[in-house]
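So the chains spell out like this:
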Amino acid sequence: MPRKSTPPKTAFRAWQRMLSGRRLDLLDPSPLDVEIEDIAHGLARVARWNGQTEGAHIFSVAQHTLLVDVVARGRWPSLDRKARLEMLLHDAPEYVIGDMISPFKAVIGGDYKAVEARLLAAIHLRFGLPLRRTEEIARMIKTADRGAAFLEATRLAGFSAAEARRFFGPPPVLSPAIERDYLTPWSAGAAEKRFLERFKTLLRE
């Protein structure tokens, strides 16, 4: 009986085609292939909390980053433009690799973090930011990120206040109007537009 032929192996693809036409290599990302429009479009369509949130729309990573930006502005009003850009773009690699919940990141370990770090470095270079965060900026981002996570967890993801405080620390203080706005899930189109508007505002400062 004749042996079945083995189909030829295909080349391993480690790049993502963007709507801008760019082709971003995940293993060796080039700043020249990073476009803010691709970042905004992708982040507006990536769900926080694996989509386990209340509301007519997902709570997107784009909306989360804008909430982090608002929390940071309230806590550190004198932050300079570059620091605010770092804050806004802190989760930008997720436009390519998605938002992996923290428990799963802990299971996977170093490989995910290595890809994420390479992407963030390319994004920083593209927009004139330091290749690596300073310890101070990293601490501020973590503080604002955890504050935003507390609000998202208790308002949208079913956590009790005590449970959220245990995981994320104390909540930030925001006005009721800001909470209503930033914690009501926006449509993908609205999240994309507002992310781009904030980015362009920071560029003009």
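Cut-offs applied
- Residues numbered from 1 in each chain as written.
- Predicted model: local features only at pLDDT ≥ 70, side-chain atom pairs only at ≥ 80, totals over all residues.
- Heavy atoms only, no water.
- Helix = DSSP H or I, 4+ residues; strand = E, 2+ residues; numbered from the N terminus.
- Buried < 20%, exposed > 50% of the residue type's maximum accessible area, 1.4 Å probe, protein only.
- Lys, Arg positive; Asp, Glu negative; His and termini not counted.
- Salt bridge = Lys/Arg side-chain N within 4 Å of Asp/Glu carboxyl O.
- Contact = heavy atoms within 4.5 Å.
- Core = buried A, V, L, I, M, F, W, Y, C linked by side-chain atoms within 4.5 Å.
- Axes fitted to C-alpha atoms, helices over the stretch in contact; angles between N-to-C directions.
- Parallel < 35°, antiparallel > 145°, perpendicular 65-115°, else oblique.
- Left-handed = near helix turned anticlockwise from the far one by under 90°.
- Nonpolar A, V, L, I, M, F, W, Y, C, P; charged D, E, K, R; others polar.
- Phe/Tyr/Trp six-rings, centres within 6.5 Å; stacked < 30°, edge-to-face > 60°.
- Lys NZ or Arg CZ within 6 Å of the ring centre and 35° of its normal.
- pLDDT = per-residue confidence, 0-100.

## A few points about the overall build of the chain
Alright, step 1. Counting secondary structure elements, the chain contains 10 helices and two strands.
Alright, step 2. Traced from its N-terminal end to its C-terminal end, the chain shows the element sequence β-β-α-α-α-α-α-α-α-α-α-α.
Alright, step 3. Counting every position in the chain, which comprises 205 residues, the buried fraction comes to 46%.

## Some details on the side chain of aspartate 38
Alright, step 1. With respect to the element layout, aspartate 38 can be found in helix α1 (residues 36–43).
Alright, step 2. Buried aspartate 38, no salt bridge; nearest opposite-charge side chain is arginine 22, N-O distance 6.2 Å.
Alright, step 3. Those residues in contact with aspartate 38, other than ones at most four positions away along the chain, are Met18, Leu19, Ser20, Arg22 and Tyr95.

## Thoughts on the nonpolar core
Alright, step 1. By size, the foremost hydrophobic cluster in this structure holds 57 residues, and its most contacted members are Ile39, Leu67, Met87, Leu89, Tyr95 and Phe195.
Alright, step 2. In terms of residues, this core owes the most to one element, helix α7 (residues 135–155), which gives nine residues.
Alright, step 3. Apart from the residues within four sequence positions on either side, tyrosine 95 is in contact with Met18, Leu24, Asp33, Val34, Asp38, Ile39, Gly42, Leu43 and Ile123.

## Observations regarding the environment of valine 71
Alright, step 1. With respect to the helices and strands, valine 71 occurs in helix α2 (residues 61–75).
Alright, step 2. Overall, the relative accessible area of 7% leaves valine 71 in the buried class.
Alright, step 3. Sequence separation of valine 71 and alanine 144 is 73 residues, and the distance between their C-alpha atoms is 5.8 Å.
Alright, step 4. Apart from residues lying up to four places away in sequence, valine 71 is in contact with Ala144, Pro172 and Leu174.

## Let's talk about the packing of α7 against helix α8 (residues 161–168)
Alright, step 1. Interhelical geometry of α7 versus α8 gives an angle of 155° and a closest axis separation of 9 Å. Viewed along their axes, α7 and α8 adopt a mutual orientation that is roughly antiparallel. Considering how the two elements wind past one another, α7 and α8 form a crossing that is right-handed. Each of Arg146, Ala149, Phe150, Ala153 and Thr154 in α7 lies in contact with α8, whose residues at this interface are Ala161, Ala164, Arg165, Phe167 and Phe168.
Alright, step 2. Broken down by class, the residue content of the contact of α7 with α8 amounts to seven nonpolar, one polar and two charged.

## Remarks on the pattern of salt bridges
Alright, step 1. Scanning all chains against the criterion turns up eight salt bridges.
Alright, step 2. Between arginine 73 and aspartate 69 there is a salt bridge; the shortest N-O distance is 2.8 Å. A residue pair is termed a helical-turn pair when its members lie 3 or 4 positions apart in one helix, as arginine 73 and aspartate 69 do in helix α2 at four residues.
Alright, step 3. A residue is classified by how much of its surface remains accessible, and aspartate 69, at 2% relative accessible area, is buried.
Alright, step 4. Of the charged contacts in the structure, one is a salt bridge between glutamate 179 and arginine 155, with a shortest N-O distance of 3.1 Å. Taken together, the positions of glutamate 179 in helix α9 (residues 176–182) and arginine 155 in helix α7 put the pair 24 residues apart, joining distant regions of the chain.
Alright, step 5. Residue classification places glutamate 179 among the buried positions, given a relative accessible area of 17%.
Alright, step 6. The class of arginine 155 is partly exposed, set by a relative accessible area of 37%.

## With respect to the packing of aromatic side chains
Alright, step 1. In total, this model carries seven aromatic pairs according to the counting rule given.
Alright, step 2. For the ring pair phenylalanine 159 and phenylalanine 167, a centre distance of 6.4 Å and an interplane angle of 80° mean the geometry is edge-to-face.
Alright, step 3. An aromatic cluster is built from Trp49, Phe159, Phe167 and Phe168, whose rings are joined through pairwise contacts.
Alright, step 4. Stacked on the ring of tryptophan 15, the Lys or Arg arginine 23 has its end atom at 4.5 Å from the ring centre.

## Here's the deal with the confidence of the model for the chain
Alright, step 1. Residue-level pLDDT values for the chain average 91, and 89% of them are 70 or greater.
Alright, step 2. Per-element averaging of pLDDT across the chain places helix α5 (residues 102–108) at the bottom with 65 and α1 at the top with 98.

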